[in-house]
Amino acid sequence: MPRLVMKFGGTSVANLDRIRRVAKRVGVEVAKGYEVVVVVSAMSGKTNELVGWVNEAGGPLYDAREYDAVVSSGENVTAGLLAMVLQSNGIDARSWQGWQVPVVTTSAHSSARIEEIPNANFDAKFAEGMKVAVVAGFQGISPEGRITTLGRGGSDTTAVAFAAAFDAERCDIYTDVDGVYTTDPRVSSKARKMEKIAFEEMLELASLGAKVLQTRSVELAMRYKVRLRVLSSFEEQSDNAGTLVCDEEDIMESNVVAGVAFSRDEAKMTLVSVADRPGVSAAIFGPLAEAGVNVDMIVQNIAEDGRTDMTFSLPVDQVARAEKAVRDAMAREEINFHDLIVDTDVSKVSVVGIGMRSHTGVAARMFKALSAEGINIKVITTSEIKISVLIDRKYMELAVQALHDVFELEKA
């Protein structure tokens, strides 16, 4: 029988009424003849509550192994409740925790990565008549036999991994939105839901701030060619509902630009007059990496008299950590600079599209549209299918709307 993976996030299973609604949705797919693997998150707000208890009980230096044991329990509750409701609806269902499958992971507690999902247990149970396996997402088991968790968005990653492991026909990700939009509808009223989007485009949008799918899950889907469908838990569904995330070859014709993404809370840091010599970049960004700073856009000015300026962007909540890292490196005489300038009032806006590979003039249109609105560009970076700019935060929404208009993204 064909297999289907369905993933339901925290808002979709926030209470028993919503869990009953999920059970009906699963029942529809069982009636179509699928063997179904359902991956569930903890009820909305439950994980935050559990994390709060861990911090209160264990303090700032809590045992990471016990953190995973506590925090993973939220998904266990949801899986058990959904299995019970499915059984009461006459569907042969069974809940599975990560260690029972088993979902074999690395030993990196709270940020483990999936290494293997053997299918022998599920194959045997489906052969015996089980119709639905309800899997607690976000969790697995380490080689040492300890419970692990996969980090933020881990249930999405779990679902895609199961779809790959079991050669599922599709992986449906049910959320509180009805698909992937050309930009955030809260910023532009002209935002349009896309019927299809390529893996690469979705990966860029996810990494640039779009919150619909977690980056690791898209990476995994692209690697194993897992067709993803993003759709709403709260609307009636048709076979063409939501947005299909698929291979580029499955899209007949695509716009030059697929979407506009943004990251509101960015910062810009400039090291003024750094020595221009081999190894200086490593001396700057090595300590930043060790401090856990996520550096994004990097620009080095033209050298003059053996000195240059180095500018980079980073999340605004990592500025203090970054400042300490570079000043400590200077104190150790690993680097030297004349001044450190920080701007914590910037945002990043990006246009993304696989059509950029074969079309010229995208950058020119983008910069002209921003110029027409009086928006100054501070930093620019490009890739094969992306152009990102750093601008003053007060212009972010205006920039998104202007770019959405100039590339006519409201048109299919």
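The structure under discussion appears in the preceding block.
Note that the structure is a prediction, hence the values are computed from the model and not measured. (Residues numbered from 1 in each chain as written. Predicted model: local features only at pLDDT ≥ 70, side-chain atom pairs only at ≥ 80, totals over all residues. Heavy atoms only, no water.)

### A few points about the nonpolar core
For step 1, the next point in the chain: Counting 41 residues, the largest nonpolar core has Val5, Phe122, Phe162, Cys171, Met202 and Leu228 as its most contacted members.
For step 2, the next point in the chain: For this core, the secondary structure elements donating two or more residues are strand S2 (35-40), helix H5 (120-127), strand S6 (132-136), helix H6 (154-165), strand S9 (170-175), helix H7 (199-207), helix H8 (215-224) and strand S11 (228-232).
For step 3, the next point in the chain: Grouped together as the second largest cluster of nonpolar side chains are 27 residues, Val26, Met43, Ala79 and Leu82 included. (Core = buried A, V, L, I, M, F, W, Y, C linked by side-chain atoms within 4.5 Å. Buried < 20%, exposed > 50% of the residue type's maximum accessible area, 1.4 Å probe, protein only. Helix = DSSP H or I, 4+ residues; strand = E, 2+ residues; numbered from the N terminus.)

### Comments concerning the sheet that holds S6
For step 1, the next point in the chain: Strand order in the open sheet formed by eight strands is S3-S6-S2-S1-S9-S11-S12-S10, and the pairing between neighbours is mixed. This sheet does not close on itself; its edge strands, each paired only once, are strand S3 (93-96) and strand S10 (196-198). Pairwise comparison of adjacent strand axes, ignoring direction, gives a mean angle of 20 degrees for this sheet.
For step 2, the next point in the chain: As paired elements, S9 and S11 share five bridges and run parallel to each other. Within S11, the position partnered with Asp172 by the bridge is Arg229. (Pairing = 2+ DSSP bridges. Axes fitted to C-alpha atoms, helices over the stretch in contact; angles between N-to-C directions.)

### With respect to H7
For step 1, the next point in the chain: Within H7, seven of the nine residues are buried, which leaves the element mostly enclosed by the surrounding structure.
For step 2, the next point in the chain: Among the residues of H7, Phe199, Glu201, Met202, Leu203, Glu204, Leu205 and Ala206 are the ones counted as buried.

### Topic: the packing of aromatic side chains
For step 1, the next point in the chain: One pass over the full model with this rule turns up eight aromatic pairs.
For step 2, the next point in the chain: Judged by centre distance (4.5 Å) and plane angle (15 degrees), the rings of Phe8 and Tyr174 are stacked. Of this pair, Phe8 sits in strand S1 (residues 3-8) while Tyr174 sits in strand S9; the two residues are 166 residues apart in sequence, bridging distant segments of the chain.
For step 3, the next point in the chain: Taking relative accessible area as the criterion, Tyr174 reaches 1% and is therefore assigned buried.
For step 4, the next point in the chain: Linked through ring pairs, Trp96, Phe122, Phe126, Phe162 and Phe166 together constitute an aromatic cluster. (Phe/Tyr/Trp six-rings, centres within 6.5 Å; stacked < 30°, edge-to-face > 60°.)

### Here we look at the pairing of S6
For step 1, the next point in the chain: Extensive coverage of S6 is indicated by the burial of five of its five residues.
For step 2, the next point in the chain: Side-chain alternation along S6 places Val132, Val134 and Ala136 on one buried face and Ala133 and Val135 on a second face that is also buried.

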